Amino acid sequence: MPATDKSDRTMTSVTAQEALDFHSQGRPGKLEISPTKPMATQRDLSLAYSPGVAVPVKAIAEDPATAYDYTSRGNMVAVISNGTAILGLGNLGALASKPVMEGKSVLFKRFADVDSIDLEVDTENVDEFVNCVRFLGPSFGGINLEDIKAPDCFIIEQRLREVMDIPVFHDDQHGTAIIAAAGLINALTLTGRDFKTTKLVCNGAGAAAIACVELIKAMGFNPENVILCDTKGVIYKGRTEGMNQWKSAHAVETDRRTLAEALEGSDVFFGLSAKGALSADMVRSMAARPIIFAMANPDPEITPEEVAQIRDDAIVATGRSDYPNQVNNVLGFPYIFRGALDVRASTINDAMKIAAAEALANLAKEDVPDDVAAAYQGNRPRFGPQYIIPVPFDPRLISAIPMAVAKAAMESGVARKPIEDINAYGQQLSARRDPIASTLQRIYERVRRQPKRIVFAEGEEVQMMRSAIAYANQQLGTAILLGREEQMRETAEQEGIDLDRPGIQIVNARLSKRVAAYTDYLYARLQRKGYLYRDVQRLINNDRNHFAASMVALGDADGMVTGLTRNYSTALEDVRRCIDAKPGHRVIGVTIALCRGRTVLVADTAVHDMPTAEELADIAEEAAGLAKRLGYMPRVAMLAYSTFGHPSGERSERVREAVKILDKRRVDFEYDGEMAADVALNHRVMEQYPFCRLSGTANVLVMPAFHSASISTKMLQELGGSTVIGPLLVGLDKSVQIASMSAKDSDLVNMAAIAAYNAGT
């Protein structure tokens, strides 16, 4: 099937050990349960459980519909499998499917804020499976079936839809069909075709292929113009070999018997089969401006490069993320369930599927927003042969698709809770986005389009090696490991790390031909600051931060990451000896804090101990600039212990003066202060100050001093369940990031990606 939430990378780019480490590090697995109500006092417990819980119990007994009001049912989807068709791995059993099902659940939450739990049912008996799921029905608002072999998946889905009053959706079938249909709509538009006269051949007769054929017929394709093929050839009327009722439903009157014969003069190829199934001769035999959706995964039936060698008029889509026009199920299932749940739909019908496909197609035709364009390094994608399907990190998906699905559910009569104000619903959907996940994804995608050379300064450290390999594997650029090669390879062998792979470069500072150039460069900077030439030689030869920073300064690398073996301030001193601030800028540290879907940038968390009013104003400008580069419209709150003059104090006066300085500079972002943190972050509290200039809660917090910034972000991380990234180093003339000494592999990769991202801005 096409690329979905499941990995489309082969084990040549992600090692087995890396995959195992990812799933086992910290708390094993990818999911945890988090309460949504406070559990801090005895009263909280009394309300949450006995005796308070009896009240909603009685209410639900009297009116079952109120379960959506008093429990999580209305935002809960079960991802269910028996493991009989896991990825491309086959029948490995229910338990082996759990990592995949957990991953699916994570994507539900990440993309559409749908809570999800995975259930692995240990039976291959259809009756047992159906009964297990149907009797669990009251727990959930929807059922997502996954990785179940055909034809069992058809039977199971149909029977569950008959006996359950909540949406039951087999994503392997319908998710693929919806995304492929969206791309097909646009491909037909670009080639001047219509649904009624276009001839389509689908190779593969499994769950996804049959669902694709059924959906395009429901959208208007002439059944006689659709030929379905399997490993035995064309499925024609009268064929008996290898047939079942689902294939027979799509048999056609034709004298063509092979895939090659079926494709002669055809307009569209849908491939849901195997690598190499579509040959060059078959492509040549297709009609002018052919549409080729080679969706086998991980390797398509034919690659876009192979098609381009044969003809220059084809539109090609695949299931892979490294080619344009990816048929990716993550564009569908989270948002389809989001819309279905929000109107309490009793099912997901054809009208809702078609609405989702049309909404996706329409989205690809619209102008691409800045935060999507940013991922393309200025090459803004536009509707055309290379862009017929939206990309997964398009922020508009969360509103466009659920809205279309919800409307279709209401119009087709399956919505039990119609939405009165659809525009307000769209705004609510947009607020559900997880900003940091989108931000990091945009950063990674942008760097992949313009890969960078990043120096991992402490290359002999195991974490640096692993993160460098991950950086290279994710196609972000070249990872330069700095250190003694012999020592590095000895450590790598002990840890089972393979350094002999594409994208990894090892540099030994003492053996480098660039030592003299770096020494001369650094001596010119430090000779009037008490350093002799031999002092500088020792720094270059013996200190990797100085060597790495000089590499970046002289253009031998695009950026660097360090910090594992020295505290932040020491590492920053090393770097500052080699690299100046960007002209007109101030060097600061900015921490990104993420908590329950909110993203806040906190500054300065690394450099200025007790900033003056002028420095506070500079910090505000630098932090706002970073926010813009990350795709946010900055709303800057200048924080203090007081709010707009009460209580008064000397430290608050500095903050008030900083606001006046910003007034004089006429900066192009929202700011105000001084204000306490609750005013900045709580719109209800902010409303008590109607004169406040901020149009909404702040997303950039300028702290009055380094100690308050450091304490608050670390408390958030340890007590508030927040994700904290940084401090990110901002304002240097070259791109450098300093990780914390406790950084994990994933933290280092994020810092390296950010260094690469900043190197391109």
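Placed above this text is the structure.
In this report, the structure presented in the accompanying data block is examined. The structure presented is a predicted model; accordingly, all values stated were derived computationally and were not measured.

1. Structural notes on the overall build of the chain
- When its secondary structure is counted, the chain shows 31 helices and 21 strands.
- Its C-alpha atoms give the chain a radius of gyration of 29 Å, near enough to 27 Å, the size a compact globule of 761 residues would have.
- Counting every position in the chain, which comprises 761 residues, the buried fraction comes to 55%.
- A separation of at least 24 residues holds for 71% of the contacts in the chain among residues at least 6 apart in sequence.
- As displayed, the chain offers around 33,100 Å² of accessible surface, 50% of which is attributable to carbon and sulfur atoms.

2. Some details on the nonpolar core
- Counting 107 residues, the largest nonpolar core has Ile 143 and Phe 270 as the members making the most contacts within it.
- If one sorts the elements of this core by residue count, helix α8 (residues 171-191) sits on top with 10 residues.
- Apart from the residues within four sequence positions on either side, Phe 270 is in contact with Ala 180, Leu 184, Leu 200, Val 201, Cys 202, Asn 203, Cys 212, Phe 293 and Met 295.
- Membership of the second largest hydrophobic core comes to 68 residues, among which are Leu 440, Leu 626, Ile 661 and Leu 728.

3. Re the sheet that holds strand β20 (residues 723-730)
- The 6 strands are arranged β18-β17-β19-β16-β15-β20 in an open sheet whose pairing can be described as mixed. Every other strand in the sheet has two partners, leaving β18 (670-675) and β20 as the edge strands with one partner each. Each strand of the sheet is rotated relative to its neighbour by a mean of 20 degrees, with strand direction disregarded.
- Relative to β20, strand β15 (residues 588-595) is paired through 6 bridges, and the arrangement is antiparallel. If you follow Leu 594 over to β20, its bridge partner there is Thr 723.
- Contacts from helix α27 (residues 650-665) reach β17 (635-639) and β18 within the one sheet, and its direction differs from that of β18 by about 160 degrees.

4. Observations concerning the packing of aromatic side chains
- Enumeration according to the criterion identifies 13 aromatic pairs in this entry.
- For the ring pair Phe 270 and Phe 293, a centre distance of 5.3 Å and an interplane angle of 15 degrees mean the geometry is stacked. Of this pair, Phe 270 sits in strand β8 (residues 268-271) while Phe 293 sits in strand β9 (residues 291-294), and the two are 23 residues apart along the sequence. By the burial criterion, Phe 270 is buried, and Phe 293 matches it.
- These aromatic residues form a ring-pair network of at least three members: Phe 108, Phe 169, Phe 333 and Phe 337.
- Positioned over the ring face of Phe 111 is Arg 110, at 4.3 Å from the centre of the ring.

5. Looking at the sheet that holds strand β21 (residues 735-738)
- In spatial order, the strands read β13-β12-β11-β14-β21; together these 5 strands make up an open sheet with parallel pairing. Only two strands of the sheet have a single partner each, and these edge strands are β13 (504-507) and β21. Each strand axis lies, on average, 20 degrees off the axis of its neighbour in the sheet, ignoring direction.
- Looking at chain direction, strand β14 (residues 559-562) and β21 are connected through 4 bridges and run parallel. Residue pairing for β21: Val 561 is matched across the bridge by Gln 737.
- Where helix α25 (residues 568-578) meets the sheet, it contacts β14 and β21, and its direction lies at approximately 160 degrees from that of β21.

6. What to know about α27
- Here α27 is 16 residues long and its end C-alpha atoms lie 23 Å apart, about the 22 Å a rise of 1.5 Å per residue gives.
- Packed against the buried residues of α27 are α26 (613-629), β17 and β18.
- Directly beyond the C-terminal end of α27, a positive phi value near 55 degrees is found at Arg 666.

7. A closer look at the packing of helix α6 (residues 126-135) against helix α7 (residues 152-163)
- Two elements in contact, α6 and α7, have axes separated by 10 Å at closest approach and are oriented at 35 degrees. For α6 against α7, the interelement crossing comes out right-handed. Residue-level inspection shows Val 126, Asp 127, Phe 129, Val 130, Val 133 and Arg 134 of α6 in contact with α7, the latter providing Asp 152, Ile 155, Ile 156, Arg 159, Leu 160 and Val 163.
- For the contact of α6 with α7, the class distribution of residues is 8 nonpolar, no polar and 4 charged.

8. Observations concerning unusual backbone geometry
- Cis geometry marks the peptide bond from Ala 603 to Asp 604; its omega dihedral reads -10 degrees.
- With respect to the helices and strands, Asp 604 occurs in the loop between β16 (598-603) and α26.
- Even without being a glycine, Asp 113 presents a positive backbone phi close to 55 degrees.
- By the secondary structure assignment, Asp 113 is in the loop between α5 (98-112) and β2 (115-120).
- With a phi angle near 60 degrees, Gln 475 is a residue other than glycine that sits in the positive phi range.
- The exposure class assigned to Gln 475 is partly exposed, which follows from its relative accessible area of 43%.

9. Focus on the state of the cysteines
- Tallying each qualifying case throughout the model produces 0 disulfides.
- Cys 212 supplies the cysteine sulfur nearest to Cys 202, a cysteine that is in no disulfide, at a spacing of 6.0 Å.

10. Some words on the pairing of β16
- Summarising burial for β16: 5 of the 6 residues are buried, a large majority.
- Direction of pairing for β15 relative to β16: antiparallel, over a ladder of 6 bridges. By the bridge assignment for β16, Leu 594 is matched with Thr 599.
- As paired elements, β16 and strand β19 (residues 700-702) share 3 bridges and run parallel to each other. Bridge assignment links Ala 603 to a residue of β19, and that residue is Val 702.

11. Re the pattern of salt bridges
- Per the counting criterion, the structure on display carries 47 salt bridges.
- Linking Asp 580 and Arg 525 is a salt bridge whose minimum nitrogen-to-oxygen distance equals 2.8 Å. With Asp 580 in the loop between α25 and β15 and Arg 525 in helix α22 (residues 515-526), the pair connects residues that are 55 residues apart, well separated along the chain.
- The partly exposed category is assigned to Asp 580, whose relative accessible area is 44%.
- In this structure, Asp 618 engages Arg 665 in a salt bridge whose closest nitrogen and oxygen atoms are separated by 2.8 Å. Here the residue Asp 618 occupies a position in helix α26, and Arg 665 occupies one in helix α27, the gap between them amounting to 47 residues.
- Looking at Asp 618, the relative accessible area reads 17%, which means it is buried.

12. Considering α5
- Taking 1.5 Å of rise per residue, 15 residues should cover 21 Å, and α5 covers 21 Å from first to last C-alpha, within 8% of that figure.
- In terms of burial, α5 is largely enclosed, as 11 of its 15 residues are buried.
- For α5, every residue scored as buried is listed here: Val 100, Met 101, Glu 102, Gly 103, Lys 104, Ser 105, Leu 107, Phe 108, Arg 110, Phe 111 and Ala 112.
- A positive backbone phi angle near 55 degrees is found at Asp 113, which sits one or two residues after α5.

Definitions and limits used
- Residues numbered from 1 in each chain as written.
- Predicted model: local features only at pLDDT ≥ 70, side-chain atom pairs only at ≥ 80, totals over all residues.
- Heavy atoms only, no water.
- Helix = DSSP H or I, 4+ residues; strand = E, 2+ residues; numbered from the N terminus.
- Rg over C-alpha atoms; globule rule 2.2 N^0.38 Å.
- Buried < 20%, exposed > 50% of the residue type's maximum accessible area, 1.4 Å probe, protein only.
- Contact = heavy atoms within 4.5 Å.
- Areas by Shrake-Rupley, 256 points an atom, 1.4 Å probe, with all protein chains shown as cover.
- Core = buried A, V, L, I, M, F, W, Y, C linked by side-chain atoms within 4.5 Å.
- Pairing = 2+ DSSP bridges.
- Axes fitted to C-alpha atoms, helices over the stretch in contact; angles between N-to-C directions.
- Phe/Tyr/Trp six-rings, centres within 6.5 Å; stacked < 30°, edge-to-face > 60°.
- Lys NZ or Arg CZ within 6 Å of the ring centre and 35° of its normal.
- Expected span 1.5 Å × (residues − 1).
- Left-handed = near helix turned anticlockwise from the far one by under 90°.
- Nonpolar A, V, L, I, M, F, W, Y, C, P; charged D, E, K, R; others polar.
- Disulfide = S-S within 2.5 Å.
- Salt bridge = Lys/Arg side-chain N within 4 Å of Asp/Glu carboxyl O.

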